[in-house]
Amino acid sequence: MPAAAALLLGLLMLLHAEIPNTGGLGSLVESVLPWFGLLLVPLLLAGALWRRSAVAVLALLLPVIVWLNLFGGLLTDKSHAGGDLIVASHNVGADNPDPSGTARDLAASGADVLALEELTPQATVAYEKALATTYRYHTVQGTVGLWSKLPLSDARPVGIETDAGPLAATKPAAATLADNRALRATVATDRGPLAVYVAHLGSVRLLPRTGFWTESRDRNAKALAKAVAAEPNKRMVLLGDLNGTTDDRAFAGLTAQLDSAQTEAGDGFGFTWPAKFPIARIDQILVRGVRPESSWVLPATDSDHRPVAAAVSW
């Protein structure tokens, strides 16, 4: 039995892209894919040793090899010293009880460019006040914002199909902007302009009757991928809460165009959610045309997400 379970586990990880996405099953498996090895391999090994089954131990080679092929590169520190610019991103949480304290913590991180998601009108005032000394330039477009030590220009909301259906076109412009969840701006660096996108994609839900519900997030991801494809600047950074991991097939359109700073220059998995015991990296820094030198997770704030940061070079 342990041998069969080990082989099935190996095949599950090897062929995860072939799992049908009925009820979001494929996305759900891919969202927690690292844990299939981190949790189940030791469990199966213990079972094999308890049964004294050499066959089961040998069978475990398949999931171990597959897991190492998928995630082994994340176990080594790929960071380098230096960097021309430090970027950071944080879903600050709509229910954050201390936005001013969160803002001070983020300003102390040393980030040159800081993206915030899940802003409320009341909390935005607190963030603007607390960050004004460190960041001379900023733009807020609905529920997302960008603060920068360097000049910003061309700031505008990005349509990611937050609203869908026949009534979406009838929504007043003011209401559409208030609910906006993505923006684009140009940061003027001494190496030339850098396009920066900030995005907060739709939430996902694990529902008893319908399974892993990802409809709005997947729709947002496709729209964001189209916006990225149309971006004329060769150098760009995408910061935000994507409500999913880069292993999830829903982000194929984005990962085909952008590289993950954590994958390229991080140390470990860089899990960010939930903040008290992170099990998944759903807060992302993705880049194109610039080189990640290092990527890390910042200390927890009063949000249910942890902030992320990366140093990039030209």
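Residues numbered from 1 in each chain as written. Predicted model: local features only at pLDDT ≥ 70, side-chain atom pairs only at ≥ 80, totals over all residues. Heavy atoms only, no water.

K.L.:
Help me get a handle on the overall build of the chain, residues and values and all.
P.N.:
Counting its secondary structure elements, the chain contains eleven helices and 14 strands. Since a compact globule built from 314 residues should have a radius of gyration of about 20 Å, the 21 Å found for the chain is in line with a globular shape. On the principal axes, the C-alpha backbone points of the chain span a range of 65 × 50 × 40 Å. Residue burial in the chain is summarised as follows: out of 314 residues, 50% are buried. Partitioning the contacts of the chain with sequence separation of at least 6, the portion at a separation of at least 24 is 70%. Working note: accessible area of the chain is about 14,800 Å², and carbon and sulfur atoms make up 61% of it. If the 26 positive side-chain charges of the chain are averaged to one point and the 29 negative ones to another, these points end up 2 Å apart. (Helix = DSSP H or I, 4+ residues; strand = E, 2+ residues; numbered from the N terminus. Rg over C-alpha atoms; globule rule 2.2 N^0.38 Å. Buried < 20%, exposed > 50% of the residue type's maximum accessible area, 1.4 Å probe, protein only. Contact = heavy atoms within 4.5 Å. Areas by Shrake-Rupley, 256 points an atom, 1.4 Å probe, with all protein chains shown as cover. Lys, Arg positive; Asp, Glu negative; His and termini not counted. Charge placed at Lys NZ, Arg CZ, Asp CG, Glu CD.)

K.L.:
Please set out the side chain of Gln262 residue by residue, giving values where relevant.
P.N.:
Note that Gln262 resides in helix α11 (residues 261-265). Looking at Gln262, its side chain comes within polar contact range of the side chain of Ser295, at 2.9 Å. (Polar contact = N/O pair within 3.5 Å; in protein donor to acceptor, adjacent residues only side chain to side chain.)

K.L.:
Describe helix α5 (residues 61-71), with residues and values.
P.N.:
Counting along an α-helix, one turn takes 3.6 residues, and residues three or four places apart therefore face a common direction. Regarding α5, the residues found buried are Pro63, Val66, Trp67 and Phe71. End-on, the buried residues of α5 take up no more than an arc of 105 degrees, which puts them together on one face. α5 presents Ile65 and Asn69 as exposed residues on the side facing more than 90 degrees away from its buried surface. Looking at the packing, one finds that the buried side of α5 touches α1 (2-14), α3 (33-51) and α4 (54-59). (Arc of directions from axis to C-beta.)

K.L.:
How would you summarise the sheet that holds strand β11 (residues 259-260) if you had to cite specific residues and measurements?
P.N.:
Pairing in this open sheet of six strands is mixed, and the strands run β5-β6-β7-β10-β12-β11 from one edge to the other. The open sheet terminates on both sides in strands that have one partner only, identified here as β5 (152-157) and β11. Looking at chain direction, β11 and strand β12 (residues 283-288) are connected through two bridges and run antiparallel. Looking at the pairing, Asp259 lines up with Val287 of β12. Each of β7 (192-200), β10 (236-241) and β12 is contacted by helix α9 (residues 215-230), which is oriented at about 175 degrees to β7, the strand it contacts most. (Pairing = 2+ DSSP bridges. Axes fitted to C-alpha atoms, helices over the stretch in contact; angles between N-to-C directions.)

K.L.:
Explain the packing of helix α6 (residues 99-107) against helix α7 (residues 121-131) to me, and be specific about the residues and the numbers.
P.N.:
The contact between α6 and α7 brings their axes to 8 Å, and the two run at 40 degrees. The orientation of α6 relative to α7 falls into the category oblique. Relative to α7, the crossing made by α6 is right-handed. Here Pro99, Ser100, Thr102, Ala103 and Ala107 of α6 lie close against α7, whose contacting residues are Ala123, Ala126, Tyr127, Ala130 and Leu131. Tallied by class, residues from the contact of α6 with α7 come to eight nonpolar, two polar and no charged. (Parallel < 35°, antiparallel > 145°, perpendicular 65-115°, else oblique. Left-handed = near helix turned anticlockwise from the far one by under 90°. Nonpolar A, V, L, I, M, F, W, Y, C, P; charged D, E, K, R; others polar.)

K.L.:
Can you break down the packing of α1 against α5 residue by residue, with the values?
P.N.:
Between α1 and α5, whose axes approach to 7 Å, the crossing angle comes to 25 degrees. It follows that α1 is roughly parallel to α5 by the angle criterion. Along this stretch, α1 crosses α5, giving a crossing that reads as left-handed. Contacts between α1 and α5 involve Ala6, Leu7, Leu9, Gly10, Leu11, Met13 and Leu14 from the former and Leu62, Pro63, Val66, Trp67 and Leu70 from the latter. When its residues are assigned to classes, the contact of α1 with α5 shows eleven nonpolar, one polar and no charged.

K.L.:
Just give me the short version of the pairing of β10, but keep the residues and values in it.
P.N.:
Of all six residues in β10, six are buried, a share of seventy percent or more. Residue alternation in β10 divides its side chains into two sets, Met236, Leu238 and Gly240 and Val237, Leu239 and Asp241, and both sets are buried. Pairing analysis gives six bridges linking β7 to β10, with the strands arranged parallel. Bridge pairing in β10 places Val196 opposite Val237. Sheet topology note: the β10/β12 ladder contains six bridges and is antiparallel. Bridging across to β12, Leu239 finds its partner in Ile285.

K.L.:
Explain the pattern of salt bridges to me, and be specific about the residues and the numbers.
P.N.:
Tallied over the full model, the rule gives six salt bridges. Between Arg191 and Asp84 there is a salt bridge whose closest N-O contact spans 3.7 Å. Pair noted here: Arg191 is in the loop between β6 (182-189) and β7 and Asp84 is in the loop between α5 and β1 (85-91), with a separation of 107 residues, a long-range link. On the basis of relative accessibility, which here comes to 44%, the residue Arg191 falls in the partly exposed class. The exposure class assigned to Asp84 is partly exposed, which follows from its relative accessible area of 35%. We note a salt bridge from Arg184 to Glu231, for which the minimum N-O separation is 2.7 Å. Here Glu231 lies in the loop between α9 and β10 and Arg184 lies in strand β6, a separation of 47 residues in the sequence. In terms of burial, Arg184 and Glu231 fall into one category: buried. When salt bridges with common partners are traced through the structure, they connect Arg217, Asp218 and Asp248 into a single cluster. (Salt bridge = Lys/Arg side-chain N within 4 Å of Asp/Glu carboxyl O.)

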